[in-house]
Structures are given as C-alpha cells and as structure tokens.
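Here is what each chain is made of, one letter per residue.
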Amino acid sequence: MNIQEYADREMLAIDVANALAGELEAALLHNDTVALAVPGGTTPGPVFDSLCAADLEWDRVRVLPTDERCVPADHERSNERLIRERLLTNRASVSQYIPLYVPGAEPEAALPEVESLIAPVLPLSILVLGMGEDMHTASLFPGMDGLDKALDSQAPTLIVARTDVQPEPRISLTAPVLDGALSKHLIIYGQAKRDVLDKAMSMPPEEAPIAAVLSGMTVHWAE
Ligand SMILES: O=C1O[C@H](COP(=O)(O)O)[C@@H](O)[C@H](O)[C@H]1O
C-alpha cells in the first residue's frame with residue numbers, strides 16, 4: 001500500500017481523475033473492454049466531475065458500482081444515481097453501466113442474473129474505493145451477518161449486506177473480487193479517516209473489512 005497526500009481535495013480530485021484516465025487509456029490499448037468499479041457515498045463526486053471529461057474510448061468502458069443500496073435508481077441514497085449524474089455524463093456518457101440492484105426483485109433472487117452480467121468483465125481493470133469511519137468499504141461492514149462469506153477467498157461475486165445500522169439492504173462486490181482488481185485506489189478525506197486507516201492496517205478484516213483489500217492499494221488522502 002502506498003499513500004499519496006494532496007494539498008487539498010480539489011487537487012486530489014484532479015490528480016486522481018488524471019491517473020484513472022491514464023490507467024483506462026493504457027488498459028484500453030490491450031483489451032476490447034475494460035471494467036471500472038467505483039464507489040458511491042459522499043467522497044467520489046469531484047473525481048467523477050473531472051474524469052467524465054477525459055478523452056477516452058468510453059464506449060469500451062464498463063462502469064459498475066462497488067456496492068449499491070437497494071433503493072430506486074433515482075433515490076437520493078442510490079449510488080447509481082450519483083454515478084449516472086456525475087460520471088456517466090460528458091464524454092463518459094457512452095460508457096455502459098452495470099447495475100447491481102434490480103428494482104422489484106428480492107435482492108437475493110436477483111444476484112445470479114447480476115453476477116452473470118459481471119462475470120465477463122472480471123477481473124476488474126480499475127477499482128476505486130471509499131471507506132467509512134467504521135472501516136467498512138463497499139458494503140462490507142464490520143460485524144455484519146455474512147461478512148465471513150464475503151471475505152472468503154472462494155466468495156461469490158456478490159453478497160447481500162443487511163445490517164442494523166443501514167436503513168436498507170445493500171448489494172456488494174465481495175473481498176476477492178475487489179482485491180483482484182488489476183489497479184486499486186482508495187480515496188479518503190480528513191484526519192479521522194486517515195487515523196482509522198492506520199489502525200485498520202493491523203486489524204483482522206472481520207473487524208476492519210478495509211484491511212482485506214489494502215495489498216497493492218494506492219491511497220489518496222487530503223485533509
Ligand atoms: O455507504 C457507502 O460508504 C462508503 C464510504 O462512503 P463515504 O460517504 O464515507 O465516502 C462508500 O465507499 C460506499 O460506496 C457507499 O455505499
């Protein structure tokens with residue numbers, strides 16, 4: 001893992017977007033399609049705002065969320081809504097989006113169909129993650145039911161995450177799928193998350209799920 005520090009969040013957003021664009025361009029030289037997995041939440045919007053303008057063959061990029069809340073795609077808590085509004089716009093509007101949540105179906109019932117859409121794009125070419133102050137990443141939460149299954153090296157592609165602390169069920173890529181990405185980036189802001197990440201590095205993934213994916217990770221941090 002290596003940590004890159006930035007003067008401020010604006011600089012981070014521009015530099016990370018440039019780095020991701022460069023990696024996408026390089027990956028597109030050697031592959032017909034490349035898969036870019038991105039987080040939702042409060043962190044990645046400004047990076048998306050820059051990345052969406054990159055001059056790339058976006059029609060060969062498959063974008064998917066690292067995790068999704070089981071809410072309609074226009075809901076304010078939907079990661080898909082954020083990604084469509086902030087990333088799949090401008091030049092990136094021609095990329096193809098792979099949703100994790102199928103409205104109307106029980107989340108568990110829809111997993112096989114969604115997994116079949118994801119299988120052709122694995123391993124992920126480029127992964128961008130966020131992290132909560134509770135050390136969750138994607139929707140792998142400390143102490144949640146089924147976390148052991150999500151962390152197992154033989155885990156399926158997706159799990160349904162149900163926790164007491166979240167208002168709705170979620171669907172998440174599992175640890176081996178995240179960890180298997182060819183390039184991995186974690187974006188965090190603020191001293192609290194920096195301190196949490198330092199602690200997580202010496203904790204077991206059952207208590208600090210972010211620890212399961214830190215090998216080879218580039219961490220981007222700004223106050
Ligand atoms: O709930 C989620 O949390 C993490 C971290 O979110 P942030 O708002 O603290 O940046 C995010 O990476 C994940 O995609 C999201 O669903």
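Quick caveat, the model's predicted, so the values are computed rather than measured. (Residues numbered from 1 in each chain as written. Predicted model: local features only at pLDDT ≥ 70, side-chain atom pairs only at ≥ 80, totals over all residues.)

Caption draft 1: Local environment of unusual backbone geometry. A cis amide bond links L122 with the next residue in sequence, P123, at an omega value of 0°. By the element assignment, P123 lies in the loop between α4 (107–118) and β6 (126–129). One non-glycine residue, N90, adopts positive backbone phi at about 55°. Structurally, N90 is set in the loop between α3 (79–86) and β5 (96–97). Positive phi values are uncommon outside glycine, yet A138 reaches one of about 45°. On the secondary structure map, A138 appears in the loop between β6 and α5 (147–151). According to the C-beta neighbour criterion, A138 is buried, with 31 such atoms within 10 Å. (Helix = DSSP H or I, 4+ residues; strand = E, 2+ residues; numbered from the N terminus. Buried ≥ 20, exposed ≤ 12 C-beta atoms within 10 Å, placed from the backbone.)

Caption draft 2: Spatial organisation of the sheet that holds strand β4 (residues 67–69). With antiparallel pairing, the 3 strands of this open sheet are ordered in space as β4-β8-β7. Pairing within the sheet leaves two strands with one partner each, and these edge strands are β4 and β7 (158–161). The average undirected angle you get between the axes of adjacent strands in this sheet is 20°. Pairing of β4 with strand β8 (residues 170–173), which is carried by 3 bridges, proceeds in the antiparallel orientation. Paired with R69 across the bridge in β8 is R170. Contacting β7 and β8, α4 crosses the sheet at an angle of about 160° to β7. (Pairing = 2+ DSSP bridges. Axes fitted to C-alpha atoms, helices over the stretch in contact; angles between N-to-C directions. Contact = placed C-beta atoms within 7 Å.)

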